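If you want the building blocks of each chain, they are given just below.
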Amino acid sequence: MSAVVVERLRLFFIESPIKMARLQGVGNVKGTVKRVLVELTASDGLVGWGEAAPWEVFTGTAEAALAALDVYLRPVLMGRPVRRVRETMALLDRALVGHAEAKVAIEMALLDIVGKASGLSIADLLGGRVRDTIPLSFSIADPDFEADLDRMRKMVPAGNTIYKVKTGVKPHKEDLAHLAAMRGEFGDTIDLRLDYNQALKPFGAIKILRDVVAFAPTFIEQPVPRDNLAAMASFVAALDTPILADESCFDARDLMDVIRLQAADAISVKLMKAGGLLKAQAIMAIADTAGLPGYGGTLWEGGIGLAAGTQLIAATPGISLGCEFYMPHHVLTEDVLEERVPHRNGHVVVPDGPGLGIKVSEASIRANARVLDER
């Protein structure tokens, strides 16, 4: 019997309006976010979906991801046996340096097809579930802090208790006032986390961090630019509050440096920087050995990318600090799924159907796609 192979690739360039501006420390976002959707069709007719959601200040641009997929990765992918996922991903790495977000979109789609063919979820393909739900973290990043407080007043009673505050964008005194307001109103009922998105300069950062430690954050994420590992290590040594590495830890080589220098107590695992679900699990295998837990971070993914993220976390014990998979529910005005990945009692519910466990709305994609590649 001949192997089932990739027969068709369609690419969709989506620019989605968002409900609120986001102050992020670097690369503030308002108006719209861009991403590329991948649809693979196998020779047996099964269809798999993937999503590339880069961010220009973090991994690259959606326009570059579209070109990477269409011009450089398409020729390697076409005719490849669908089930030879690892081999295909290695060939893609040889064909094109970087563009992790484009590559993970292809891997998502391949695994989606393999899961559908076998009747297994991607979590099952990755080794089986260790959890069925994931604690959800919502980011406090609206330029209008009072609007975020109003959101919290609705979300906290509904079970959403984890909040990650984007700090370092506004003046330090304003950050302190906002943290005091959150603790003052919600007390210890919320799990408070801080994310500087590289906003601080190493010189003088420790004084700022000592101020915010007073509000008992669960962790402080990426206080300084990614290359300042010596400064990160000094914060780990000086503070009882854990330091989490995000931009400082894209891949396994970065993680080895972080571990060697003791520059973090935990890491953010993002599919768009890891370049694959399999690579993300490999990163966490190293982190597990070093005793560093993982947090499920995101860029600007919609439902397809976040469904893949839930499948990864469901099958990866070490990603135990929750996830920030809130974009389709709270930020995007419209997603491309027939039904959003469920949220329940402050948790993301991992889809349990085959593959990604989702259904994509072709009508929604066509209504929202700016560029449609039918080849």
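Please read these numbers as outputs of a predicted model, since none were measured by experiment.

J.: How should the environment of R260 be read in this particular structure?
T.: Along the polypeptide, R260 turns up in helix α9 (residues 252-261). Sequence-wise, R260 and A233 are 27 residues apart; in three dimensions their C-alpha atoms are separated by 9.9 Å. Engagement of the side chain of R260 in a polar contact is seen with the side chain of D257, the distance being 3.3 Å.

J.: Looking at this model, I keep getting lost on helix α1 (residues 62-77). Mind explaining?
T.: Structurally, the α-helix is built with 3.6 residues per turn, so residues lying three or four positions apart point the same way. Taking 1.5 Å of rise per residue, the 16 residues of α1 would be expected to cover 22 Å, yet its terminal C-alpha atoms sit only 20 Å apart, more than 12% below that figure. Within α1 the residues assigned to the buried category are A62, A65, L66, A68, L69, L73, R74 and L77. Just downstream of α1, G79 is the residue with a positive phi angle, here 85°.

J.: Any chance you could explain the pairing of strand β7 (residues 191-195) here in plain terms?
T.: Remark: a regular strand shows side chains that alternate across the two faces of the sheet. With respect to burial, β7 is a largely interior element, 4 of its 5 residues being buried. Across 5 bridges, the pairing between strand β6 (residues 162-166) and β7 is parallel. Bridge assignment links K164 to a residue of β7, and that residue is R193. At this point the chain moves from β6, through helix α6 (residues 172-186), to the parallel β7, and the crossover so formed is right-handed.

J.: I tried to follow the nonpolar core on my own but got confused; where do I start?
T.: Generally speaking, a soluble globular protein has its nonpolar side chains buried in company with each other. In this structure, L40, M152, Y163, M182, I267, L277 and I304 are the most contacted members of the largest nonpolar core, which totals 122 residues. Here this core takes 10 residues from helix α3 (residues 100-118), the largest share from any one element. What L40 contacts, discounting residues up to four positions off in sequence, is V6, R8, L9, L46, V47, G48, L77, I106, A109, L110 and I113. With 5 residues, the next largest nonpolar core counts F219, L244, A266 and L321 among its residues.

How each quantity is defined
Residues numbered from 1 in each chain as written. Predicted model: local features only at pLDDT ≥ 70, side-chain atom pairs only at ≥ 80, totals over all residues. Heavy atoms only, no water. Helix = DSSP H or I, 4+ residues; strand = E, 2+ residues; numbered from the N terminus. Polar contact = N/O pair within 3.5 Å; in protein donor to acceptor, adjacent residues only side chain to side chain. Expected span 1.5 Å × (residues − 1). Buried < 20%, exposed > 50% of the residue type's maximum accessible area, 1.4 Å probe, protein only. Pairing = 2+ DSSP bridges. Right-handed = clockwise from strand over helix to strand, strands pointing away. Core = buried A, V, L, I, M, F, W, Y, C linked by side-chain atoms within 4.5 Å. Contact = heavy atoms within 4.5 Å.

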